[in-house]
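An overview of the molecular structure
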Amino acid sequence: MSQQLNEFQLLVLQYFTLSSKDLVVEAPTGVGKTYTAMMISKDVKGRVIYAVPLKALAYQIVEDFPRKFNGFSSVIPLLSEVYEDDPEELKEKVIVTTYEKADSMTRRNYRWLDDVKLLVIDEIHNVADPEREKAIENLVVWAKDSGVRIMTMSATVPFVKTIVGWLDAEHIKYDKRPVPLYKYVMLGNKLCDDKECFEVKGDLLRKLVKKGKVVMVFASTKKRAEALYYRLRGIYGDKVVYIHAGLDADTRRKILDEVYNGRYNVVVATTVIGQGVNLPFHTVIFDDVRLPVVEQGRFVRWREMSYMEFEQVCGRAGRPGFDKEGMCIVLAENERDLRHYISKYIKGEVDELKPSHNIYDLIIAVMTRHLWSTLDHIYEDVRRSLTFRDYPFERLKSDIDYLVQWKVLGYDGHGYYITKNGQAVGYSYLDIESAVHYLRGIENGADLKELILTSPKVKDASKGEDPKWIVEAWVNGVDEKTILKHSQKLTVTDLNRLVSTVSWQAFGLYRILRALDYKEDAKKILLFHLTVRYGVPVGALSLVQLPGIGRKRAMELYSEGIHSKEELCKRKDISKKVLGEKMVGVLCR
């Protein structure tokens, strides 16, 4: 033990030691949940999969292990999107990864998985997010079937009874927040909670800075964070800094250390700082409560932050050892927003949890792990999920017959086995409709790019347009405005969704081809996936993936005959015109 444990940490440790049940830990931000989970992971017998929502948080936890536990280094991040990069043999004890990557790894039947004794699921409230639910449910099913103990954590679980019932777990609820946290919505100079409003005289941020408080200003995007930074820097000078996922890990770590040591009073930040970070923020101000929906690296649309996401960021305020109280303030633009934000974020009115996993996806995930199983065993696993706890046996038999019909599963007279096609589908992470479309096409020798562009998901995203010319223009670097000008129906949001869908479908097909040993075809489709993802020709891929360049400037360099970092650094006269002297200096040092 590297530090004296507090009341909460001793309570969790007692439950973990004296009971063998799964745990649902619900406690406010700042009491030491992450430290406790790391300590247990370090000391438990056997390996640990530590699943978190963000890659940035995974890297931070890996960095924190040796710093917090006397040089403990038996920890590794596994975060690659390509499963071929996964090590089949591991010597490390703790594997830190994302929900989706953990789900993907458990389908591969690596031998080291047999040694896993504990699954930590951080921020379990994300099971309410349709984008994350599938992976979390699959992980729980795997852990329950494998006899792996589960420890889940969150500061906010409005539907905690459902989670506790699903896991048949001990519920550890700790209500004592070390530092009181006050939440308000602000319209003009009016500050309101769910009971009353009062007037604030003068500039609140200026007052807080004058008192020496550290304020985090939450921004929805990297671009917005930088814009706010430059505006606030004009007022507060070098006491302002920004931090977002676009900065490299060393720079982020340096900034966080400087914030911790009192170098700045105003920190403009995105959600990268929203989970698992202990910094001396007295106040968090929400400049916006919108979040971008990003699929395969492309912006698709805006959505409003959920109550639980708000709580995660809000919980950064009022940290133990720095302040005696904390504040969260959401900025509203009008009376309607004021009332809505009070209802959603101050009162915490949350919709009922509505799980929506797909039965075919779940069966394929289960069978990809088992390889062979009886109908009764499959049914046991299906009922271990949150979505299908009460699923009728008769319906399951019908669902399995459908998968047998499409040669995803086979039946040998005693039980069901996953076919080679089925394994390919399981590794692809695609929905069954798309997967069957690709399996049919591969069997019939169809053109693979054409197969992607005629897939059900791409057709749906195309809004009646022909996706072929749009994708061709996109991968040749044609700008969005020009594509939309020649389109009849697509908006910017539609175009982004189409690009994201084609990119994801291409990556899924690549995984299927790899699993079926079509190695050369797989390479071609992976390359196609990358050109769609980044929106540039093959010759510009090396450029667009350099930090800070982006699609537009990569195409400018490409049009000047520059195709790589080496050429960029050799032809600095052109590079500086496109990128600026400072960026070229950083890239070529």
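The structure presented is a predicted model; accordingly, all values stated were derived computationally and were not measured. (Residues numbered from 1 in each chain as written. Predicted model: local features only at pLDDT ≥ 70, side-chain atom pairs only at ≥ 80, totals over all residues. Heavy atoms only, no water.)

A look at the sheet that holds strand 2 (residues 47–52)
Basically, it comes down to this: Should DSSP find at least two bridges between two strands, the strands are regarded as paired. What counts as a helix is a DSSP run of H or I of at least four residues, what counts as a strand is a run of E of at least two, and both are numbered from the N terminus. Geometry is summarised by axes, namely lines fitted to C-alpha atoms with helices restricted to the contacting stretch, and by angles between N-to-C directions that run from 0 to 180 degrees.
Read across the open sheet, the seven strands follow the order 3-4-2-5-6-1-7; overall the sheet is parallel. Only two strands of the sheet have a single partner each, and these edge strands are strand 3 (75–77) and strand 7 (170–173). Between one strand and the next, the sheet's axes are offset by a mean angle of 15°, whatever the strand orientation. Looking at chain direction, strand 2 and strand 4 (residues 94–98) are connected through five bridges and run parallel. Paired with V48 across the bridge in strand 4 is V94.

Overview of the sheet that holds strand 19 (residues 409–411)
Within the open sheet, the three strands sit side by side as 18-20-19. Their pairing is antiparallel. The two strands at the open ends of the sheet, each matched to only one other strand, are strand 18 (372–373) and strand 19. Where strand 19 and strand 20 (residues 416–418) come together, three bridges link them in antiparallel fashion. Directly across from Y411, in strand 20, lies its bridge partner Y416.

Regarding helix 10 (residues 307–314)
Threshold: Whether a residue is buried, partly exposed or exposed follows from its accessible area with a 1.4 Å probe, protein chains only, as a fraction of its type maximum: under 20%, in between, or over 50%, in that order.
Most of helix 10 is tucked away, with eight of its eight residues classed as buried. Among the residues making up helix 10, those that are buried are Y307, M308, E309, F310, E311, Q312, V313 and C314.

Focus: the environment of R108
For R108, the position within the fold is in the loop between helix 4 (99–106) and strand 5 (116–122). Judged by relative accessible area, which is 22%, R108 ranks as partly exposed. Along the primary structure R108 and K55 are separated by 53 residues, whereas in three dimensions their C-alpha atoms are 21 Å apart.

Observations concerning the nonpolar core
Put simply, the rule reads: For this analysis, a nonpolar core means a set of buried residues of the types Ala, Val, Leu, Ile, Met, Phe, Trp, Tyr and Cys, connected via side-chain atoms within 4.5 Å. Throughout, a residue-residue contact means that at least one pair of heavy atoms, one from each residue, lies within 4.5 Å.
Residues I363, V382, L396 and V502 are the most contacted members of the largest nonpolar core, which totals 61 residues. The element that contributes the greatest number of residues to this core is helix 21 (residues 492–515), accounting for eleven residues. Not counting chain neighbours up to four residues away, the residues in contact with V382 comprise I359, L362, I363, F388, Y391 and L396. Counting 58 residues, the second largest nonpolar core, distinct from the first, contains L204, I255, Y264 and Y341.

Describing the packing of aromatic side chains
The cut-off we apply is this: Between the rings of Phe, Tyr and Trp (Trp by its six-membered ring), a pair exists once the centres lie within 6.5 Å; its type follows the angle of the planes, with under 30 degrees stacked, over 60 edge-to-face, and the other angles tilted.
Under the criterion given, the structure shown has 19 aromatic pairs. Ring geometry for F8 and Y174: centres 5.4 Å apart, planes at 55°, overall tilted. With F8 in helix 1 (residues 7–18) and Y174 in the loop between strand 7 and strand 8 (181–187), this residue pair connects regions lying 166 residues apart in the sequence. Each of the two residues, F8 as well as Y174, counts as buried. Relative to F69, the ring of F65 has its centre 5.9 Å away and its plane inclined at 40°; by these criteria the two rings are tilted. Per residue, the accessibility class of F65 equals that of F69, and both read buried.

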